[in-house]
Amino acid sequence: MTNGKRVDWRRFGTALALAATLGLLAACGGGGGGDNDPGPGAGAVPAGTLRVHYQRSAGDYDGWGVYAWSGPATPSTGWPGAPRFEFTQTSGFGRYVDIPVNASAGRMDFLLNRPTSASDAEKDQDCDRVATFAADIATAGQQIWLKQGDCTTYTSAEAASGLNIGNARAMWLSTSRLVWPGLPAGGTLRLYHAAQGGITANANGIQGADGFHELSSTTLETALRERFRHLATAPAFALPSAAQADVKQLLKGQLVVARVSQGRVTHATQLQIQGVLDDVYAAEAVSETLGVSFDGEGRPVFRLWAPTARSVELAIGSEPLRAMTEDTRTGVWHYTGDAAWVNNAYYTYRVQVYSRQDGGVVTNTVTDPYALTLNANSQAAMVARLSDAAFKPAGWDAHAIPALDAPADSVIYELHVRDFSVNDPTVPAAHRGKYTAFAQADTDGVRHLQALASAGLTHVHLLPTYDLATIPETGCVTPNVVSAGPTSEVPQATIAATKDEDCFNWGYDPRHYGAPEGSYATDAADGAVRVREFREMVQALHGNGLRVVLDVVYNHTSGSFLDRIVPGYYYRQNGDGFIERSTCCDNTAPEYAMMEKLMTDTLKTWAVEYKVDGFRFDIMGHIPLSAMQAARAAVDAAAGRELLYYGEAWNFGEVENDRQFIQARQANLRGTGIGSFSDRIRDAIRGGGPFDSGDDVIRRQGFVSGRCYDNNALNAGACTTAQRNDLRYMQNLIRLGMAGSVHDFMLNGQLASAYDYGGQPAGYTADPQEVINYAGVHDGETLFDINQFKLPTTTTAAERARAQVVALGTVLMGQGIPFLHAGDELLRTKSLDRDSYNAGDWFNRIDWSATTNYFGTMGLPSAEKNEAEWDRMRPILSNANIPPTSAHIRATRDAVLDLLRVRSDTTMLRLRSGADVRDCVSFPDAADQRDGLIVMRVTGRKANNSLCGDGRYANLVVLINAAPNAQTYAVGALTGRSLVLHPVLASGSDTRVQGATFTAGTGTFTVPGRSVAVFVEATP
C-alpha cells in the first residue's frame, strides 16, 4: 500500500443499520415525501430541488458533499466527483445543500465524500444511499436529513433526532464507567437492558427493556483517561454496584442508555462495549490457548473466546452438534473432542449471540479465527496437528535457516506467489502459480532468485499468503486475453469481466490470519496440502540462501466476520458505533486486548510452525506501538531468534497524530528496532507523490527522471530557480535517506530531523535498520512506468534503462535496508497501471528470462483505477522510444546484480547504528550541489580511530549521476589519495560506469551520465 491508503472505491453494497428506531426509513434507503418545513435558518425549498441536510458531530463540514451518480440534473462523474454538491449552507440541524434534480429519474443514488487529493477522497460510511423522489418534487421540492456515521436516510429532522438507537454513541469503558461524548449536562441517565433485545425509544420513554440502572455523573480515573485519550474529556457516568455485579450478564443482551429530563427521554443510544469487555475478561483471557490444542492423551481441545455468547456449539462435519462449556472467568468456550478427529475432521462453531448490528439475538455459523488450515474456500477448519509428518516436506525439521549477522545486512525483494511462476514456461504446469513452484529445480524464476541471492539479496518478502477472502480456491478462471495493440481497451475489459472470479488478487483481504491461502496449493480441499506445500516453499527459499518475510494485514479484514463471534469488539468504531473504514475496509482494533492477542498468536504460528524470518505490516500506523513491541518480543521469544519487523507507518485516519493511542507511526518508531518505509527517498527519486493525477504525474519530475537537468515538455525550457530549488530539496532528502534517515545526522550544519518533509521531519530513525528505502513497490506505478510519464518523450530506450539502474542504485548504495519490487531489475511494467491489485495475471506478468518487459503489448490498464488518465497514457504507450530490447533488460539486471555485490562486499555500506552513520558518513557535495549528482563518502575509521563497519577500505565514495551527461566533482579532502573504481564494477557488466575516473592530484571524480560509481581506497 502506498503512503496513506489503498484507494478502492468500488461500492461495497449498503451497510446495515438498525430499524428499531423512531420514524426512520430503511437503512441506506429512502422514501418519497418528507417534511418540507425548511427548519430554522433555511429558506424555502425551491421547486425541482432536493435539499440534503447533514449533521456532523464535531461540526467539521469543510469539503464534505454529495456525490450523486444518478438523480441530479447534472450527475457526478469521475472521482472525487464533478460536480460535487458541498454542504455550504447552515441551518439549525447542521449544514445543507440544494441539488437541482431530474424528477423523471424517480430517485437520487448518492454517497457522501470529502476529497483528500485531486484523485482521492474519504467517505462517510461505505454505503450507497438512496432518496426516492416525492411525486411533487418538481413543483414543491423535497428534503432529506443525514447524519455522520449513519447510513439511514431520514424524511424529517425529528426522525433524525437523538433518539435513533440504531447508533451507539456511548462507550462503556470499564465495569464502573461509561462516557457519552457530546451529551448535554443535566437530566438523569439510565442504562436499560434486555436479554433478548427489542428495546425501542421515543420521547415518551423506553419500551421493551427488562429493567434499568440509574447512573450518576462522575469523572474518569487517570488510567482510563490515558487509555481512552480521545474520550478523556467526555461526560462520564458511574454505574451502581448492582450493575457492576451483573456486568457479565448485561453484556450478553441489548444495552441502551437514555437521558431523561422533565419526564421525557431527550437522548438515547446503544453502547460500544470494547473497553468493558477488556476490563472484565482480558486479564485472564489473554493467557488462554485459543483454537485447537491437544491434551496429554492426544485429544483435541477446542477453545473460542466469545464472552457475550448465549451458547456455542461445535460442529464436526455432519455429526450432531456438541454443546461447549463457558469458562465465565475468561469468556472462553471449550470442548474436548475425540483423538480420531485429529488430521481428519473439519469443524465450525455455531454461536448464539445478541448482535447490535442485527438488532437481536442471532445464531451464526462461523469458522475459528485461530484456524491453522482449512478446506476449500474456507468453509471449515481442519483439526490439524502441524507437528505430524503429514504436514511436513522431507527434511523440514532439520533444514537450516540462512544466517544474518544484523538487520542492517538485509536486502528485501517483494514478490507475489502467483506472479513468481504463473508466466514462467519453464515451471511444470501443475506448479505454476503455486507454492511448489519455488521448489522446482532449474526454472527461470528459481535461477533468477539464486542469482540475486548469490549477489547479496537476503530476504524474499511475499505478498499476503494467509487465507484470503477474494480468490476462489477452486474453479477460479483464467481469462483468455488477446493482445490488441498498445492502447487497446480490449484486454482490460476482458479481465474486468471476470476479475472477481479469476485466480489473481494481491490478497490484502484477510480471512484467517494463521492459515495458508488455499489457491496457491495444488489441492485446496485437503487442509494438509497447503501447510506442507507452504513449508516446502519456505524450505526451498532457505535452501537458496534467502530468508522469508510475510506480508501481514492486521489493520483490517475483508468484511466484519469477527463480529459474528463477538459483535462490536474486534473492529474500531466511530463516534456513532459504525466500523471505521479509513484503511479501505473494516478497520480492526488491535488497541483492544483480544485483537492484539489474535495478532500476536498468529504471528507466533508463522514464526514457529513455518520458520519464517520476518513480517511486513500493512498500514502499521493503525496499530498501537505498544502492541507492535509486545508482539515482537513474544514472537522472537517463541521462535528463539530475532526476526525482521517493518511496515507502513503512515499517519492518517481516525487514529492520526496519536489521537486514540500511541501509534506505530514513523515519528514514534525511533529506537524500537522496527523499520518503516521511507516515503521521503521514494518521492525524491521518483518525483511527485503516489496520489498525483492529471498533468502533475508528468510535470513533477524527480531525481532520476530529469528534474531541472532534463526537463520534459511540461517543464520545457531552461531550469528555473524554483525547479532547481525543488531538485536540490529532493537531493537532500535522498542524502538523508542514504544516511539511514538517522534523526541526528548532520547535513550542512542542520539536523536531519530539522529538514521538512510535508510537515514531518525528514530524519526520524535512531538506527539505519529502522528505515526501509525503496523506489518501487507493488502499490502505485512500477518504477519503470512512473519514469515513462516523466522522462522526456525523446529519451531513448537505452537511457530509460539506465535511469532505472540509477534509481535502484540509489537505494542499494545507502545506509538503511534496501527494498526492491520484484522485476524492477528487469524493467517491469504494468502498462502504467497505478493499482494492479485485481488486474489479473496479464498486467502483473514478469519475464524471468529477461527477453521482454511487455511494454506496449498489454493495452490500456484497468478502467477501474486508470480510466481518468487514459488520454495521457495513450501517447506514452505508443511511444516507440520506450519499449526496451532484451539487451537493455539484461544490462539493467546485470548492473543491479553488480551493485548488490558491491553492497555485500563491505559493512561500510551496512552500518549498524546511528552513531556509526553520524561518525562515518558525509556528503561532500551537500553545500555545493550539482543538478542530478549525489556524492557520499564513508570513511574506514572514525575520528577516534575505531572502525566504521568492517573498515574494509580507508575510504569509500559513492557517486550517483542521474543526469544524461558526465559530471565531475572534486573532494578536496581526498586530494593525493589513491582511490579506484570498486573491483566488482571495474570487472563487471556495465561498460559505461567503467569510464568513471579519479584524479588524485585534485581529488576529482568523473562519472559518466546515468551511472552509479563506487570508488574505494585500500586500507594502509
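Throughout, a residue's number is its position along its own chain's written sequence, starting from 1. At least 70 in pLDDT is required for a residue's local features to be given in this predicted model, at least 80 for side-chain atom pairs to be given and counted, and no such filter applies to totals for whole chains, interfaces and linings, which use all residues. To obtain the side-chain values, all non-hydrogen atoms of the structure were used and water was disregarded.

Chemist: How would you sum up the overall build of the chain? Please name residues and give values.
Modeler: The way it works is that DSSP assigns letters per residue, a run of H or I at least four long becomes a helix, a run of E at least two long becomes a strand, and they are numbered from the N terminus. Tallying secondary structure elements over the chain gives 22 helices and 52 strands in all. Over its C-alpha atoms, taken along the principal directions, the chain stretches across nearly 95 × 75 × 60 Å. Only protein chains enter the accessibility calculation, which uses a 1.4 Å probe; a residue is then buried when its area is under 20% of its type maximum, exposed when over 50%, and partly exposed in between. Buried positions account for 62% of the 1020 residues belonging to the chain. By sequence separation, contacts in the chain at least 24 residues apart represent 73% of the contacts at least 6 residues apart. Total accessible area on the chain stands at roughly 33,100 Å², and carbon and sulfur atoms take up 49% of it. The sign given to each residue is positive for Lys and Arg and negative for Asp and Glu; His and the chain ends receive no count. Each charge is placed at NZ for Lys, CZ for Arg, CG for Asp and CD for Glu. The chain carries 88 positive and 108 negative side-chain charges, and their two centres are separated by 3 Å. Contacts were defined at the residue level, with two residues in contact if any of their heavy atoms lie within 4.5 Å. To be clear on the numbers: accessible area is Shrake-Rupley with a 1.4 Å probe, and residue cover counts the displayed protein chains and nothing else.

Chemist: Quick rundown of helix H10 (residues 593–609)? Include the residues and the values.
Modeler: When the terminal C-alpha atoms of H10 are compared, their 23 Å separation across 17 residues agrees well with the 24 Å that a helix rising 1.5 Å per residue should span. The buried fraction of H10 is high, at 13 of 17 residues. Backbone geometry just downstream of H10 places Lys611 in the positive-phi region, at approximately 55 degrees. Any helix carries an expected span of 1.5 Å times its number of residues minus one.

Chemist: Tell me what's going on with the state of the cysteines, and back it up with residues and numbers.
Modeler: The disulfide criterion is simple: two cysteine sulfur atoms within 2.5 Å. What the rule picks out here adds up to five disulfides. For Cys920, the disulfide goes to Cys948, at an S-S distance of 2.0 Å. One quick way to see it: the torsion about the S-S bond of Cys920 and Cys948 is about -90 degrees, and its sign makes the bridge left-handed. Highlighted residues: Cys920 in helix H21 (residues 914–920) and Cys948 in the loop between strand S46 (933–939) and strand S47 (953–961), separated in sequence by 28 residues. In this pair, the class of Cys920 matches that of Cys948, namely buried. Each disulfide of the chain joins two cysteines, and with those cysteines numbered along the sequence the arrangement is 1-2, 3-4, 5-6, 7-8, 9-10.

Chemist: Tell me about the domain arrangement of the chain, and please be specific about residues and values.
Modeler: Domain extents, as shown, originate in an automatic or database domain assignment. Each assigned domain of the chain is listed with its residue range as follows: domain 1 (49–159), domain 2 (162–278) and domain 3 (679–827 + 884–1018). Taking only C-alpha atoms into account, the centre of domain 1 sits 49 Å from that of domain 3.

Chemist: Residues and numbers for the sheet that holds strand S52 (residues 1011–1018), please.
Modeler: Two strands make a pair as long as DSSP finds a minimum of two bridges between them. If you trace the five strands from one edge of the open sheet to the other, you get S45-S46-S47-S52-S49, paired in antiparallel fashion. This sheet does not close on itself; its edge strands, each paired only once, are strand S45 (921–922) and strand S49 (979–981). With eight bridges connecting them, S47 and S52 associate as antiparallel partners. For Tyr953, the partnering residue across the bridge sits in S52 and is Ala1018. Helix axes use the C-alpha atoms of the stretch in contact, all axes being lines fitted to C-alpha atoms, and the angles between their N-to-C directions lie in the range 0 to 180 degrees. The strands touched by helix H14 (residues 721–738) within the sheet are S46 and S47, with S46 carrying the most contacts at an inclination of about 25 degrees. Taken strand by strand, helix H16 (residues 797–812) contacts S47 and S52, and its axis lies near 45 degrees from that of S52.

Chemist: Quick one: what's the story with the pairing of strand S26 (residues 346–355), residue by residue and with numbers?
Modeler: Judged by how many residues are buried, S26 sits mostly within the fold: eight of 10 residues are covered. In the sheet, strand S22 (residues 309–316) pairs with S26 via seven bridges, with the strands oriented antiparallel. Considered in S26, the bridge of Leu314 is made with Tyr349. By the bridge criterion, two bridges tie S26 to strand S28 (residues 381–382) in an arrangement that is antiparallel.

Chemist: Help me get a handle on the pairing of strand S5 (residues 95–100), residues and values and all.
Modeler: Across six bridges, the pairing between strand S1 (residues 49–55) and S5 is antiparallel. Its bridge partner lying in S5, Arg51 is registered against Asp98. The pairing of strand S4 (residues 89–90) with S5 spans two bridges and is classified as antiparallel. Pairing of Gln89 across the sheet is with Tyr96, part of S5.

Chemist: Quick rundown of the nonpolar core? Include the residues and the values.
Modeler: Nonpolar side chains tend toward joint burial in soluble globular proteins. The definition of a nonpolar core used throughout is a set of buried Ala, Val, Leu, Ile, Met, Phe, Trp, Tyr and Cys residues joined through side-chain atoms within 4.5 Å. Core analysis: the biggest nonpolar cluster contains 240 residues, and Trp172, Phe615 and Phe617 have the highest contact counts within it. The element best represented in this core is H10, accounting for eight residues. Viewed by domain, this core spans two of them, domain 2 (162–278) and domain 3 (679–827 + 884–1018), each represented by three or more residues. Residues Ala68, Phe85, Phe110 and Leu146 belong to the second largest nonpolar core, which totals 20 residues.

Chemist: Please provide a residue-by-residue account of the sheet that holds strand S18 (residues 254–261), values included.
Modeler: A barrel is described by the order of its strands in space; here seven strands give the closed sequence S11-S12-S17-S16-S13-S18-S19, paired in mixed fashion. Between one strand and the next, the sheet's axes are offset by a mean angle of 35 degrees, whatever the strand orientation. With five bridges connecting them, strand S13 (residues 188–194) and strand S16 (residues 211–218) associate as antiparallel partners. Its bridge partner being in S16, Tyr192 is matched across the sheet by Phe212. This element, helix H5 (residues 274–285), spans strand S11 (170–174) and strand S19 (264–272) of the sheet and lies at about 15 degrees to S11.

Chemist: Could you give an account of the pattern of salt bridges, naming the residues involved and the relevant values?
Modeler: Each reported salt bridge corresponds to a side-chain nitrogen of Lys or Arg within 4 Å of a carboxyl oxygen of Asp or Glu. Summed over the entire model, instances satisfying the criterion amount to 64 salt bridges. A salt bridge links Glu648 to Arg616, with the nearest nitrogen and oxygen atoms 3.2 Å apart. Note that Glu648 is positioned in the loop between strand S37 (644–647) and strand S38 (675–677) and Arg616 in strand S36 (residues 614–617), a separation of 32 residues in sequence. Note that Asp894 and Arg893 form a salt bridge whose closest N and O atoms lie 3.0 Å from each other. For Asp894, a relative accessible area of 24% puts it in the partly exposed group. Residues joined in a network through salt bridges with shared partners are Asp551, Arg616, Asp618 and Glu648.

Chemist: Please give an account of the packing of H10 against helix H11 (residues 625–639) that cites residues and values.
Modeler: Put simply, H10 and H11 touch, their axes get as near as 9 Å, and they point 30 degrees apart. One element, H10, and the other, H11, form an angle in the roughly parallel class. Relative to H11, the crossing made by H10 is right-handed. On H11, the residues touching Glu596, Met599, Thr600, Leu603, Lys604, Ala607 and Val608 of H10 are Ala627, Ala630, Ala631, Ala634, Val635, Ala638 and Ala639. For classification, angles of less than 35 degrees are called roughly parallel, those exceeding 145 degrees roughly antiparallel, those between 65 and 115 degrees roughly perpendicular, and all remaining angles oblique. Each helix crossing is assigned a hand: it is left-handed if the near helix lies turned anticlockwise from the far helix by less than a right angle, otherwise right-handed if that turn is clockwise.

Chemist: Could you give an account of the packing of aromatic side chains, with specific residues and numbers?
Modeler: For this analysis, a ring pair means two rings from Phe, Tyr or Trp (six-membered ring only for Trp) whose centres lie within 6.5 Å, classed as stacked if their planes differ by under 30 degrees, edge-to-face if by over 60, and tilted for the remaining angles. All told, the structure shown has 36 aromatic pairs when counted by the stated rule. Taken together, a centroid distance of 4.8 Å and an interplanar angle of 35 degrees make the contact between Tyr54 and Phe87 tilted. Within this pair, whereas Tyr54 is found in strand S1, its partner Phe87 is found in the loop between strand S3 (85–86) and S4, the two being separated by 33 residues in sequence. An identical accessibility class is assigned to Tyr54 and Phe87; each is buried. Ring plane angle 40 degrees and centroid distance 4.6 Å describe the contact between Trp606 and Tyr610, whose orientation is recorded as tilted. Each member of the pair, Trp606 together with Tyr610, is buried. Pairwise contacts between aromatic rings join Tyr466, Tyr513, Tyr554, Phe615, Phe617 and Tyr645 into one cluster. Positioned over the ring face of Phe561 is Arg511, at 4.0 Å from the centre of the ring. We call a charge positioned over a ring when the NZ of a Lys or the CZ of an Arg lies within 6 Å of the ring centre and within 35 degrees of the ring normal. The aromatic ring of Trp396 is capped on one face by Lys611, whose charged end is 5.0 Å from the ring centroid.

Chemist: Go over the side chain of Asn364 with me, naming the residues and quoting the values.
Modeler: Mapped onto the elements, Asn364 comes out in strand S27 (residues 360–366). For Asn364, a relative accessible area of 8% puts it in the buried group. At 3.1 Å, the side chain of Asn364 and the backbone oxygen of Arg564 are in polar contact. Those residues in contact with Asn364 that lie beyond four places of it in its chain are Tyr349, Arg350, Val351, Val353 and Arg564. Counted as a polar contact is a pair of N or O atoms within 3.5 Å, where, for protein atoms, one must be capable of donating a hydrogen and the other of accepting one, and residues adjacent in sequence contribute only when both atoms are in side chains.

Chemist: Give me the UniProt feature "domain: Glycosyl hydrolase family 13 catalytic" (unreviewed entry) in the chain: which residues, what numbers.
Modeler: UniProt positions are given in the numbering used here, feature names are shortened, and annotations may be inferred rather than shown by experiment. The sites that carry the UniProt feature "domain: Glycosyl hydrolase family 13 catalytic" (unreviewed entry) are, in the present numbering, residues 437–874. Spanning residues 437–874, this segment combines 31% helix with 12% strand, and its end C-alpha atoms are found 36 Å apart.

Chemist: Any details on helix H8 (residues 490–497)? Residues and values, ideally.
Modeler: Within the span of H8, buried status applies to Pro491, Gln492 and Ile495. All buried residues of H8 project into a common sector of 95 degrees when viewed along the axis, lining one side. Contacts made by the buried residues of H8 are with helix H17 (840–843), helix H18 (863–866) and helix H19 (870–877). Working note: the arc is built from the helix axis to C-beta atom directions.

Chemist: Residue-level account of the side chain of Glu781, with values.
Modeler: Among the structural elements, Glu781 can be located in the loop between strand S43 (771–774) and helix H15 (783–790). On the basis of relative accessible area, Glu781 is assigned to the buried category, the value being 6%. Discounting chain neighbours no more than four positions away, the residues touching Glu781 are Arg686, Ile786, Phe789, Leu832, Asp833 and Arg834.

Chemist: Can you tell me about the environment of Gly81, naming the residues and giving the values?
Modeler: With respect to the secondary-structure elements, Gly81 resides in the loop between strand S2 (65–70) and S3. A residue is classified by how much of its surface remains accessible, and Gly81, at 22% relative accessible area, is partly exposed. When the C-alpha atoms of Gly81 and Gly65 are compared, they prove to be 9.8 Å apart, with 16 residues separating the residues in sequence.

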